[in-house]
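Examining the three-dimensional arrangement
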Amino acid sequence: MKILVIQNKMIGDVLISSIICNNLKKAYPNAQIDYLVNDNTIDVLKGNPNIDSLIIFEKKHQNSTYELIKFALGLRKNKYDLVIDAYSKLQSWIIVLLCGGKRKNFI
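All values derive from a computational prediction rather than experimental measurement.

Our focus in this paragraph is the environment of Ser92. With respect to the element layout, Ser92 can be found in helix H4 (residues 90-98). Each C-alpha atom, one on Ser92 and one on Tyr35, is 13 Å from the other, the two residues being 57 residues apart in sequence. Apart from the residues within four sequence positions on either side, Ser92 is in contact with Ile6, Asn8, Asp85 and Tyr87. Within the structure, the side chain of Ser92 is placed 2.9 Å from the backbone oxygen of Lys89, a separation counted as a polar contact.

Before going further, it helps to examine helix H1 (residues 11-27). The end-to-end C-alpha distance of H1, which contains 17 residues, comes to 25 Å, matching closely the 24 Å that a straight helix rising 1.5 Å per residue would cover. Those residues of H1 that fall on the buried side of the exposure criterion are Val14, Ser17, Ser18, Cys21, Leu24 and Lys25.

Attention now goes to the nonpolar core. Ranked by internal contacts, the top residues of the largest apolar core, which has 14 residues, are Leu4, Leu36, Leu75 and Ile95. Mapped by element, the contributors of at least two residues to this core are strand S1 (2-6), strand S3 (53-57), helix H3 (65-74) and H4. No other element matches the three residues that H3 contributes to this core. If we ignore the near neighbours within four places in the chain, the residues touching Leu75 are Leu4, Leu36, Ile55, Tyr80, Ile95 and Cys99. The next biggest cluster of nonpolar side chains, apart from the first, holds 13 residues, and it includes Val5, Val14, Val37 and Leu45.

What counts, and at which threshold
- Residues numbered from 1 in each chain as written.
- Predicted model: local features only at pLDDT ≥ 70, side-chain atom pairs only at ≥ 80, totals over all residues.
- Heavy atoms only, no water.
- Helix = DSSP H or I, 4+ residues; strand = E, 2+ residues; numbered from the N terminus.
- Contact = heavy atoms within 4.5 Å.
- Polar contact = N/O pair within 3.5 Å; in protein donor to acceptor, adjacent residues only side chain to side chain.
- Expected span 1.5 Å × (residues − 1).
- Buried < 20%, exposed > 50% of the residue type's maximum accessible area, 1.4 Å probe, protein only.
- Core = buried A, V, L, I, M, F, W, Y, C linked by side-chain atoms within 4.5 Å.

Okay, structure coming up:
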């Protein structure tokens, strides 16, 4: 199972939402958990054993609709079984809808 958790907000929000990744790993120990975060929040996630990979949401994705859509469509290759949107704003809705996840949850 492949799971994508989206929280492209500030450091505190990303740190608190990393609990979602921790709980998912307990529930699905063999799942691959990817966490989509802003580039300036990476440091608070270093060493978290429940996150298999970080997907970096850069400024260019935030500032350009074209780049955002290109980024979201690029996530399709990962073939996620579940996408969880912990941010729940227009940018993350676009990512959820275009990334091709089989199941989508908005928090």
